[in-house]
Amino acid sequence: MTGAFVGGFVSVLCALAILLVLLAGRRPESGWSDWLRESLAAWRSDELKGADLRPRRSDVRDTPVEDIFSLGAPEDVPAYARPEELVARLDEVRGHARSMTRR
């Protein structure tokens with residue numbers, strides 16, 4: 001039972017050490033206390049109102065439920081690429097790469 005507590009305590013210490021290393025790498029120039037103070041002030045102000053964060057109408061598209069759950073039109077294509085197709089694609093990419101290096 002003691003081993004479980006020790007193991008849990010060690011794992012919590014390791015997680016905290018990792019978190020501190022990550023936070024130290026992303027430390028703001030003005031320090032964490034100033035960043036927290038500014039964040040709270042912005043949160044309490046009108047700066048972060050919900051109206052300003054709503055998506056524009058052009059970003060939203062209504063999709064019928066049938067389209068969400070459909071798998072699309074069935075296509076009669078092979079599930080896997082044949083070796084000939086892979087060779088042709090590799091040749092095409094090599095030719096494109098050669099033409100890019102010649103420029």
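The shown structure was predicted, so the numbers you read here are calculated from the model rather than taken from an experiment.

Novice: Looking at this model, I keep getting lost on the overall build of the protein. Mind explaining?
Specialist: In terms of helices and strands, the protein carries 5 helices and 0 strands. Shown N-terminal to C-terminal, the secondary structure of the protein runs as helices and strands in the order α-α-α-α-α. Per-residue burial over the protein gives 3% buried out of 103 residues.

Novice: Can you help me understand a nonpolar patch on the surface in this one?
Specialist: Judged by side-chain polarity, Phe-9, Val-12, Leu-13, Leu-16, Leu-19, Leu-20, Leu-23, Trp-32, Trp-35, Leu-36, Leu-40 and Trp-43 come together as a nonpolar surface patch covering roughly 1,200 Å² of accessible area. Elements with a minimum of two residues in the nonpolar patch: α1 (2–25) and α2 (32–44). Of the residues forming the nonpolar patch, the biggest block, 7 residues, is contributed by α1. Tracing the backbone through its elements, the reader meets Leu-13 in helix α1. Taking relative accessible area as the criterion, Leu-13 reaches 43% and is therefore assigned partly exposed.

Novice: Any chance you could explain the confidence of the model for the protein here in plain terms?
Specialist: Note: predicted coordinates in regions of low pLDDT should not be interpreted at a detailed level. Residues of the protein with pLDDT of at least 70 account for 82%, and the chain-wide mean is 82. Considering each helix and strand of the protein separately, the mean pLDDT is smallest for helix α3 (residues 50–53), with a value of 59, and largest for α1, with 93.

Novice: I keep staring at the pattern of salt bridges and nothing clicks. Help me out?
Specialist: Charged atoms that come close allow side chains of opposite charge to pair. Overall, the coordinates contain 5 salt bridges when judged by the stated rule. Taking the shortest distance from any N to any O, the salt bridge between Asp-34 and Arg-37 comes out at 2.6 Å. With Asp-34 and Arg-37 both in helix α2 and 3 residues apart, the pair spans about one turn of that helix. For Asp-34, a relative accessible area of 26% translates into the label partly exposed. For Arg-37, a relative accessible area of 52% gives the class exposed. Note that Glu-85 and Arg-82 form a salt bridge whose closest N and O atoms lie 3.4 Å from each other. What makes Glu-85 partly exposed here is its relative accessible area of 34%. Each member of the salt-bridge network shares a partner with another, and the members are Arg-82, Glu-84 and Glu-85.

Analysis parameters
- Residues numbered from 1 in each chain as written.
- Predicted model: local features only at pLDDT ≥ 70, side-chain atom pairs only at ≥ 80, totals over all residues.
- Heavy atoms only, no water.
- Helix = DSSP H or I, 4+ residues; strand = E, 2+ residues; numbered from the N terminus.
- Buried < 20%, exposed > 50% of the residue type's maximum accessible area, 1.4 Å probe, protein only.
- Patch = residues over 30% accessible without salt bridge, like charges linked within 9 Å, V, L, I, M, F, W, Y side chains within 5 Å.
- Areas by Shrake-Rupley, 256 points an atom, 1.4 Å probe, with all protein chains shown as cover.
- Salt bridge = Lys/Arg side-chain N within 4 Å of Asp/Glu carboxyl O.
- pLDDT = per-residue confidence, 0-100.

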